[in-house]
Amino acid sequence: SRVRARAELALLVCGVSVLLSAPASAGERPCKPVERGQRVSVDFRSVSLETVGRYVSCAAEIGLLYSPAALRTRVITVVAPNPVDAQGLIRVFEAALRGHSLFLEKRGAYYVVREDPQVPSKSRSTSGR
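Residues numbered from 1 in each chain as written. Predicted model: local features only at pLDDT ≥ 70, side-chain atom pairs only at ≥ 80, totals over all residues. Heavy atoms only, no water.

A. Representation of the packing of helix α2 (residues 49–60) against helix α3 (residues 86–98) in the model. As a packed pair, α2 and α3 sit with axes 9 Å apart at the nearest point and diverge in direction by 160°. Between α2 and α3, the crossing angle belongs to the class labelled roughly antiparallel. For the element pair α2 and α3, the recorded crossing hand is left-handed. Contacts between α2 and α3 involve Leu49, Val52, Gly53, Tyr55, Val56, Ala59 and Ala60 on the former and, on the latter, Ala86, Leu89, Ile90, Phe93 and Leu97. Grouping the amino acids of the contact of α2 with α3 by side-chain chemistry returns 11 nonpolar, 1 polar and no charged. (Axes fitted to C-alpha atoms, helices over the stretch in contact; angles between N-to-C directions. Helix = DSSP H or I, 4+ residues; strand = E, 2+ residues; numbered from the N terminus. Parallel < 35°, antiparallel > 145°, perpendicular 65-115°, else oblique. Left-handed = near helix turned anticlockwise from the far one by under 90°. Contact = heavy atoms within 4.5 Å. Nonpolar A, V, L, I, M, F, W, Y, C, P; charged D, E, K, R; others polar.)

B. A look at α3. A rise of 1.5 Å per residue sets the reference length of α3, with its 13 residues, at 18 Å; its end C-alpha atoms lie 19 Å apart and thus fit the reference within 8%. Taken as a whole, α3 has its buried residues at Ala86, Gly88, Leu89, Ile90, Val92, Phe93, Ala96 and Leu97. Of the residues that open α3, the one with a side-chain oxygen 3.3 Å from the backbone nitrogen of glutamine 87 is aspartate 85. (Expected span 1.5 Å × (residues − 1). Buried < 20%, exposed > 50% of the residue type's maximum accessible area, 1.4 Å probe, protein only. Polar contact = N/O pair within 3.5 Å; in protein donor to acceptor, adjacent residues only side chain to side chain.)

C. Representation of the pattern of salt bridges within the structure. Applying the stated criterion to the full structure yields 5 salt bridges. Aspartate 43 is the salt-bridge partner of arginine 45, the closest N and O atoms lying 2.7 Å from each other. Judged by relative accessible area, aspartate 43 falls into the partly exposed class, the value being 37%. Its salt-bridge partner being arginine 74, residue glutamate 115 comes within 2.8 Å of it at the nearest N-O pair. Taken together, the positions of glutamate 115 in strand β5 (residues 110–115) and arginine 74 in the loop between β2 (63–67) and β3 (75–79) put the pair 41 residues apart, joining distant regions of the chain. Among the residues examined, arginine 74 registers a relative accessible area of 29% and is labelled partly exposed. (Salt bridge = Lys/Arg side-chain N within 4 Å of Asp/Glu carboxyl O.)

Next comes the structure, spelled out in structure tokens:
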């Protein structure tokens, strides 16, 4: 049983190392902060808000929350004509969110992506029916 436990541990270590060394899928970008003075390209076409949010969160070193969490699955497009610095990245992200009736709200150490309360939801009727 000791030999079996060691064999299972060896298989587990091999499995974890394979997972950690697997390349990221085409839709994912590595999580790297934008260095001072560095500019990054922004070209996300029809991808999930979660994918764009992860990139912005990593590059600009901000914490993002989604309220409600289901917003992460929304498909958006965020494109900047020229490379931007970290602050520019946040501004481009905010502009793209506004185009989808969403906004970025600063709450303490985090930013919350929320639906704009000024825009009627498609699920709520404005006719009173």
